[in-house]
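# Coordinates in review
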Amino acid sequence: MDPMLLGETLSASAANEKFYGFWMPADGNDGVGGIDVFDIEDNSDFEVIMETKSSDEDDDARVSITTVPEVISAGPGLYKFDLKDAKDLVRYRLMSKAAGSIHFQLSQPLWAPN
């Protein structure tokens, strides 16, 4: 199967463009997030993090729970990162570090039992 049939393609025209995933329930406080990159344009860099908030908070109250933002620039592959102190909702956020495009699939986070 052609991996281009899976996932999403994002194109950024400049640095610091932000792309948000949907809010999903967190099944624990700590875990591992990941993104499977199928293709990335040469000289493109994207940063991926996980954000969290309580269900009764506005989106403006979100905070990052990624211990170290994962910068994707080395090409296709699976990129994983640790998550700490999740509230009840989480979502992925990608941010361009330069103009370019990326084809990827976000992975369901794996949560450690509380």
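Residues numbered from 1 in each chain as written. Predicted model: local features only at pLDDT ≥ 70, side-chain atom pairs only at ≥ 80, totals over all residues. Heavy atoms only, no water.

Okay, the overall build of the chain next. Looking only at helices and strands, the chain has zero helices and ten strands in total. Tracing the chain from N to C terminus, the helices and strands come up as β-β-β-β-β-β-β-β-β-β. A compact globule built from 114 residues would reach a C-alpha radius of gyration of about 13 Å, and the chain, at 14 Å, matches this within 12%. Reported as C-alpha extents along the three principal axes, the dimensions of the chain are approximately 40 × 30 × 25 Å. Counting the 114 residues in the chain, one finds 39% classified as buried. Expressed as a percentage of contacts within the chain between residues at least 6 apart in sequence, the contacts between residues at least 24 apart total 82%. If the 9 positive side-chain charges of the chain are averaged to one point and the 21 negative ones to another, these points end up 6 Å apart. (Helix = DSSP H or I, 4+ residues; strand = E, 2+ residues; numbered from the N terminus. Rg over C-alpha atoms; globule rule 2.2 N^0.38 Å. Buried < 20%, exposed > 50% of the residue type's maximum accessible area, 1.4 Å probe, protein only. Contact = heavy atoms within 4.5 Å. Lys, Arg positive; Asp, Glu negative; His and termini not counted. Charge placed at Lys NZ, Arg CZ, Asp CG, Glu CD.)

Right, let's talk about the layout of surface pockets for a bit. When its volume is computed, the largest pocket comes out at roughly 300 Å³. Taken together, 14 residues make up the lining of the largest pocket; nearest its centre are Glu 8, Gly 21, Phe 22, Phe 104 and Leu 106. For the lining of the largest pocket, the secondary-structure elements that each account for two or more residues are β1 (8-12), β2 (18-20), β9 (89-96) and β10 (100-111). Sort the elements by how many residues they give to the lining of the largest pocket and β10 lands first, with five residues. For the lining of the largest pocket, a count of residues per class yields ten nonpolar, three polar and one charged. (1 Å grid on protein atoms, 1.4 Å probe; cavity = no way out; pocket = protein on both sides within 12 Å on 5 of 7 lines; lining within 4 Å. Points joined across faces, edges and corners; volume = space filled by probe spheres on them. Nonpolar A, V, L, I, M, F, W, Y, C, P; charged D, E, K, R; others polar.)

A few words on the environment of Ser 73. If you trace the backbone, Ser 73 turns up in the loop between β7 (70-72) and β8 (77-83). For Ser 73, a relative accessible area of 43% corresponds to the partly exposed category. Separated by 34 residues in the primary sequence, Ser 73 and Ser 107 have C-alpha atoms spaced 18 Å apart. The contact partners of Ser 73, leaving out residues within four places of it in the chain, are Ser 44, Asp 45 and Tyr 79.

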